[in-house]
Amino acid sequence: MTKLIYFAWVRERIGKAEEDVDLPAEVKTVSDLLLWLKSRGEEFESALQHPEVIRVAINQEHVEHRETVAGAREIALFPPMTGG
């Protein structure tokens, strides 16, 4: 079981702050995860329509989209950071 945590407008579009999921065997990387999530319904598709801009942290460490999700206890999805 992996805890997915959604932040800012990703959370608003999906409609929940977090959930526990069993990742399918074919989800091996962050990119795979984003594609799988996008297929889970309209709200996920809306939130992840541009997956390349989504920032991801595995077990509270920011990672690239090619990173493996094997053994992840927690995966957080963030929109791009803005600010100054």
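Anything mentioned here points back to the structure above.
The following refers to the structure shown. Since the structure is predicted, the reported quantities are computational estimates derived from the model, not experimental observations.

**With respect to the pairing of strand β3 (residues 55–58)**
The pairing of β3 with strand β5 (residues 74–78) spans four bridges and is classified as antiparallel. Residue pairing across strands places Ala57 opposite Ala76, the latter belonging to β5. For β3 and strand β4 (residues 61–63), the ladder comprises three bridges, and the chain directions are antiparallel. Opposite Ile58, over in β4, you have Glu61 as the bridge partner.

**A closer look at the sheet that holds strand β1 (residues 2–6)**
The sheet built from five strands is open, its strands ordered β2-β1-β5-β3-β4 with mixed pairing. Both outer strands of the open sheet, β2 (18–21) and β4, are each paired with one neighbouring strand and no more. Strand-to-strand twist of the sheet, defined as the mean angle between neighbouring strand axes without regard to direction, takes the value 25 degrees.

**So, unusual backbone geometry**
Residues apart from glycine generally show negative phi values, whereas peptide bonds are mostly found in trans. The phi angle at Asn59 is positive, at roughly 50 degrees, despite the residue not being glycine. Assignment of secondary structure puts Asn59 in the loop between β3 and β4. The residue Gln60 is not glycine, and still its phi comes out positive at about 70 degrees.

**Points about the environment of Glu26**
Take Glu26: it is sitting in the loop between β2 and α2 (30–38). Among the residues examined, Glu26 registers a relative accessible area of 56% and is labelled exposed. Counting along the chain gives 37 residues from Glu26 to Val63, while the straight-line C-alpha distance between them is 19 Å.

Thresholds, definitions, all that
- Residues numbered from 1 in each chain as written.
- Predicted model: local features only at pLDDT ≥ 70, side-chain atom pairs only at ≥ 80, totals over all residues.
- Heavy atoms only, no water.
- Pairing = 2+ DSSP bridges.
- Helix = DSSP H or I, 4+ residues; strand = E, 2+ residues; numbered from the N terminus.
- Axes fitted to C-alpha atoms, helices over the stretch in contact; angles between N-to-C directions.
- Buried < 20%, exposed > 50% of the residue type's maximum accessible area, 1.4 Å probe, protein only.

The analysis is restricted to geometry; functional conclusions fall outside its scope.
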